[in-house]
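Residue strings, one per chain:
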Amino acid sequence: YRLENPGRSFTVGGLRNILVQPTDAADATFAIESVRLIFRKEYLANIPSGVSWQGFADIFRETLVTRSPERVEFTLDLPARPWLDLAVGTVEDGPVTFQVGVSRGGGGRNSESLLLKRTLTTPHRWEVNPVDLEDFADETVTLSLSVEAEANGALGFWGSPVIRSRGAMPHTGGVGGAPPQGVILIIGDTLRRDHLDAYGYSRSTAPTLSRLAAAGVLFQDTQSQASWTKVSVPSILTSLYPTTHGIADFPDRMPASAVTVAEAFREAGYATWSTSSVAFSGQQSNLHQGVEVLHERASVAESGSKTARPFADRLLPWLEEHREVPFFVFLHAMDPHSPFEPRRPYNTLWADAAKKEEHEKRVDKAREFIKDEAMKRRGMPTREEMEQAGVDIEPYLAYEHDWYDGSIRGMDAEIGRVMEKLGQLGLVDKTLVVFISDHGEEFLEHGRHWHGNTVYGEMTNVPLILHWPESLSSGRVVEETVQSIDLMPTLLELSKIPRPDILQGHSLVPLLAAERDVATRERWQSRPAFSERVRQGNRMASAETEVDSFAIVTEGWKLIHNVLKPDDFPEYELFDHHNDPLNLKDLAPENPEVVERLSQQLEQWHEQALAARLPSDDEFKGGLSAQELERLRSLGYIR
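Rules behind the numbers
Residues numbered from 1 in each chain as written. Predicted model: local features only at pLDDT ≥ 70, side-chain atom pairs only at ≥ 80, totals over all residues. Heavy atoms only, no water. Helix = DSSP H or I, 4+ residues; strand = E, 2+ residues; numbered from the N terminus. Buried < 20%, exposed > 50% of the residue type's maximum accessible area, 1.4 Å probe, protein only. Areas by Shrake-Rupley, 256 points an atom, 1.4 Å probe, with all protein chains shown as cover. Pairing = 2+ DSSP bridges. Salt bridge = Lys/Arg side-chain N within 4 Å of Asp/Glu carboxyl O. Phe/Tyr/Trp six-rings, centres within 6.5 Å; stacked < 30°, edge-to-face > 60°. Axes fitted to C-alpha atoms, helices over the stretch in contact; angles between N-to-C directions. Contact = heavy atoms within 4.5 Å. Polar contact = N/O pair within 3.5 Å; in protein donor to acceptor, adjacent residues only side chain to side chain. Parallel < 35°, antiparallel > 145°, perpendicular 65-115°, else oblique. Nonpolar A, V, L, I, M, F, W, Y, C, P; charged D, E, K, R; others polar. Core = buried A, V, L, I, M, F, W, Y, C linked by side-chain atoms within 4.5 Å.

### Focus on the overall build of the protein chain
And then number 1: Helix and strand counts for the protein chain stand at 17 helices and 27 strands.
And then number 2: Looking at the protein chain residue by residue over its 639 residues, the buried ones come to 60%.
And then number 3: Accessible area for the protein chain stands at about 24,700 Å²; split by element, carbon and sulfur atoms hold 49% of it.

What follows is the structure in structure tokens.
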């Protein structure tokens, strides 16, 4: 739609996608027929009206931006049980009044009903203001949005304005049973699967996750495609190998040509809500594509690295507001990440408070010998540095584990709150809840602390749990090796949403099928799993200890090819994947024929992943219309 004003013009590309989410229900079909932007007075503006990506207090929304006294009108065919999902905000210090009006047919402004009038006097925050439209169900109406203020040109932000239909199912192309009404994808950052009781850990670190696994499906052997968040989360959210999506270092962004899981669900009519517990998993990496509401890491600065609680606090009311519509949620919880000390009361669940001072003295003593500045700040020495400092390793690690496990328990309690809310809303059976980790953490298994350094098992062995009582069998345990990139195609198939051709993962639905569903089960073919680690540019100063590695898991083996490495480091390492999950005993010297065979498979995969590498945004922009390009730029997908 091209909207013009004397002296300036602009294009509101893709406005229909932002204002209206289509569904395939017979009582919920509607469309925009026309859009008119009416200017009462011409003025100059540095911030143009139109569609953009706007944030207040680091909570971002797809936004329609207007200035007083602008008025925007939409002619719509409303569905059954309609309502306008809306938040409003401003940057002005003085009062700004937002008004939503509706008139039937071509009645015009004289017959308009005023449905919302809200004056904001506090800038830089969103105020949620849903508008009920049920009195106009199944009618053709003109919906108006207008902003008034004492001074012309005052900015008004209409956050994530979407007309939804209560009770309407999403627009999907599959057959068979109904798709889930809700999908909640939870990532527990930096979480090793061997610290969860569902995977045999001695402590009850995650009773909620254990209950979800017992009533759902637990995957025993899921391999992450990378060992740090910046690279791993994009693979989970796009079903692409790191070599293909191209994110390897801090400044890298997901190319706009990628399709995120949020985009797929949004196109199917789901409301989309997301969190980013670290800047890597939000708009900095261009992972806000398809997200209507994004809570960035800085919006919960007071919580330190433990983010599950404040994000759950925000998610619960949003679920209440969207209990009658399809919804997709990405909840990124940072709690297991260092610093490991949990919030109360989990800080003393396993860690003896009386020994905290003693542990901190050990950390300070070891810190003096830490060479890497980043690790020095974090208090994370290598085994060699601890020995040089004369620090007793066993109690050092034990206290770290006590805190780490307590942080996991704190995260699990917040997941329990989310499940409790779903129960109160009657949505447990209708909601597909998925839990996965992006990567693990090393506690000196290979001589170091931290993560992102290698592709050994403590980094790449991650949990995966699916829970959907309405459709998934309870208590199922899947032994086959699968990959993190398999999650997105699995969610789409379960939700009956067409799979984009670009995805590299494979649906796990055949592994979920009942024994009697032979046709579905026979679709599964065992495939190798791959992981990658490429050094970051800012770590080149430590190149003598850095290794670029690629790993393949297949036939019960795990082969690691160390491509760029120190001279005294082996090029190939081979491990018994099932009996040595932490990759502690190298079997490569005794099995040269296995090394040769798997190295060829690994090289072939890497060539294919490189050949499929996404085009850069500069290349991608060449195939876009001016309107498409403007829309993607306005939403921050392309710079």
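### Things to note about unusual backbone geometry
Note on backbone geometry: most residues besides glycine have negative phi, and most peptide bonds are trans.
And then number 1: The step from Ser68 to Pro69 runs through a cis peptide bond, and the omega angle for that step is 5°.
And then number 2: Turning to its location among the elements, Pro69 is positioned in the loop between β5 (59-67) and β6 (71-77).
And then number 3: Between Ser338 and Pro339 the backbone carries a cis peptide bond, its omega angle lying at -5°.
And then number 4: In this model, His124 sits at a positive phi of 60°, which is unusual for a non-glycine residue.

### A word on the pairing of strand β7 (residues 82-89)
Within a regular strand, the side chains alternate between the two sheet faces.
And then number 1: The element β7 is extensively covered by neighbouring structure, given that eight of its eight residues are classed as buried.
And then number 2: Here β7 shows no split at all, with Pro82, Leu84, Leu86 and Val88 on one side and Trp83, Asp85, Ala87 and Gly89 on the other all buried.
And then number 3: Relative to strand β13 (residues 155-165), β7 is paired through seven bridges, and the arrangement is antiparallel. Bridged to Asp85 within β13 is Val162.
And then number 4: As paired strands, β7 and strand β11 (residues 131-132) are joined by two bridges and run antiparallel to one another. Across the sheet, Trp83 pairs through a bridge with Asp132, a residue of β11.
And then number 5: As paired strands, β7 and strand β10 (residues 127-128) are joined by two bridges and run antiparallel to one another.

### Some details on the pattern of salt bridges
And then number 1: Enumeration over the complete set of coordinates arrives at 34 salt bridges.
And then number 2: A salt bridge links Arg266 to Glu62; the nearest nitrogen and oxygen atoms lie 2.8 Å apart. Taken as a pair, Arg266 in helix α5 (residues 261-267) and Glu62 in strand β5 lie far apart in primary sequence, 204 residues in all. Across this residue pair, the class does not change: Arg266 and Glu62 are buried.
And then number 3: One salt bridge in this structure joins Arg323 and Glu320, with 3.8 Å as the shortest N-O distance.
And then number 4: Of the residues examined, Arg323 reaches a relative accessible area of 35% and is grouped as partly exposed.
And then number 5: When salt bridges that share partners are traced, they join Glu62, Asp85, Arg164, Arg266 and Glu292 into one network.

### With respect to the packing of aromatic side chains
And then number 1: Evaluation of the coordinates by the stated rule reveals 20 aromatic pairs.
And then number 2: Taking the centre distance of 6.1 Å and the plane angle of 35° together, the rings of Trp273 and Trp318 count as tilted. You can see Trp273 sitting in strand β16 (residues 271-275) and its partner Trp318 sitting in helix α6 (residues 308-321), a full 45 residues away along the chain.
And then number 3: Centroid distance Phe340 to Phe443: 5.4 Å. Interplanar angle 45°. Geometry classified as tilted. Of the two residues, Phe340 sits in the loop between β18 (327-333) and α7 (356-367) while Phe443 sits in strand β20 (residues 442-443), which places them 103 residues apart along the sequence.

### Quick word on the sheet that holds strand β27 (residues 572-576)
And then number 1: Pairing is antiparallel in the open sheet, where four strands are placed in the order β24-β25-β26-β27. Every other strand in the sheet has two partners, leaving β24 (529-533) and β27 as the edge strands with one partner each. With direction set aside, neighbouring strand axes in the sheet form an average angle of 15°.
And then number 2: Bridging between strand β25 (residues 548-554) and strand β26 (residues 557-564) involves seven bridges; their strand directions are antiparallel. Among the inter-strand pairings, Phe550 is bridged to a residue of β26, identified as His561.
And then number 3: Docked against the sheet, helix α15 (residues 592-611) engages β24, β25, β26 and β27, running at close to 110° with respect to β25.

### What about the side chain of Ser52?
And then number 1: Tracing the backbone shows Ser52 in strand β4 (residues 50-56).
And then number 2: A polar atom in the side chain of Ser52 sits 2.8 Å from the side chain of Gln54.
And then number 3: Residue contacts for Ser52: discarding those within four places in its chain leaves Arg61, Glu62, Thr63, Val65, Ser634 and Leu635.

### Examining the packing of α6 against helix α10 (residues 393-424)
And then number 1: Running from N to C, α6 and α10 cross one another at 5°; their axes reach a closest spacing of 9 Å. Taken together, the axes of α6 and α10 are roughly parallel relative to one another. Contacts between α6 and α10 involve Ala308, Arg309, Ala312, Asp313, Leu315, Leu316, Leu319 and Glu320 on the former and, on the latter, Met411, Glu414, Arg417, Val418, Lys421 and Leu422.
And then number 2: Here the contact of α6 with α10 is built from residues that sort into eight nonpolar, no polar and six charged.

### What about the nonpolar core?
And then number 1: Judged by nonpolar contacts, the single largest core of 63 residues is most densely connected at Leu209, Leu319, Val329 and Met411.
And then number 2: The biggest single contributor to this core is α10, with twelve residues.
And then number 3: Counting 48 residues, the second-largest nonpolar core is a separate cluster that includes Phe219, Phe330, Met488 and Leu491.

### Describing the pairing of strand β22 (residues 461-467)
And then number 1: The buried count for β22 comes to seven of seven residues, which makes it a mostly enclosed element.
And then number 2: Residue alternation in β22 divides its side chains into two sets, Asn461, Pro463, Ile465 and His467 and Val462, Leu464 and Leu466, and both sets are buried.
And then number 3: Where strand β15 (residues 217-223) and β22 come together, five bridges link them in antiparallel fashion. Across the sheet, residue Gln223 finds its bridge partner in β22, namely Asn461.

### Describing the packing of helix α2 (residues 207-214) against α10
And then number 1: It is at 7 Å that the axes of α2 and α10 come closest, and there the two elements cross at 55°. If you check the angle between α2 and α10, you find them oblique. Contacts from Pro207, Thr208, Leu209 and Leu212 in α2 reach Arg409, Met411, Asp412, Ile415, Gly416 and Met419 in α10.
And then number 2: Its residues assigned to classes, the contact of α2 with α10 comprises six nonpolar, two polar and two charged.

### Concerning the environment of His195
And then number 1: Among the secondary structure elements, His195 is positioned in the loop between β14 (182-188) and α2.
And then number 2: Classification of His195 as buried rests on a relative accessible area of 5%.
And then number 3: Considered as a pair, His195 and Asp405 are 210 residues apart in the sequence and their alpha carbons are 7.1 Å apart.
And then number 4: At 2.7 Å, the side chain of His195 forms a polar contact with the side chain of Asp405.

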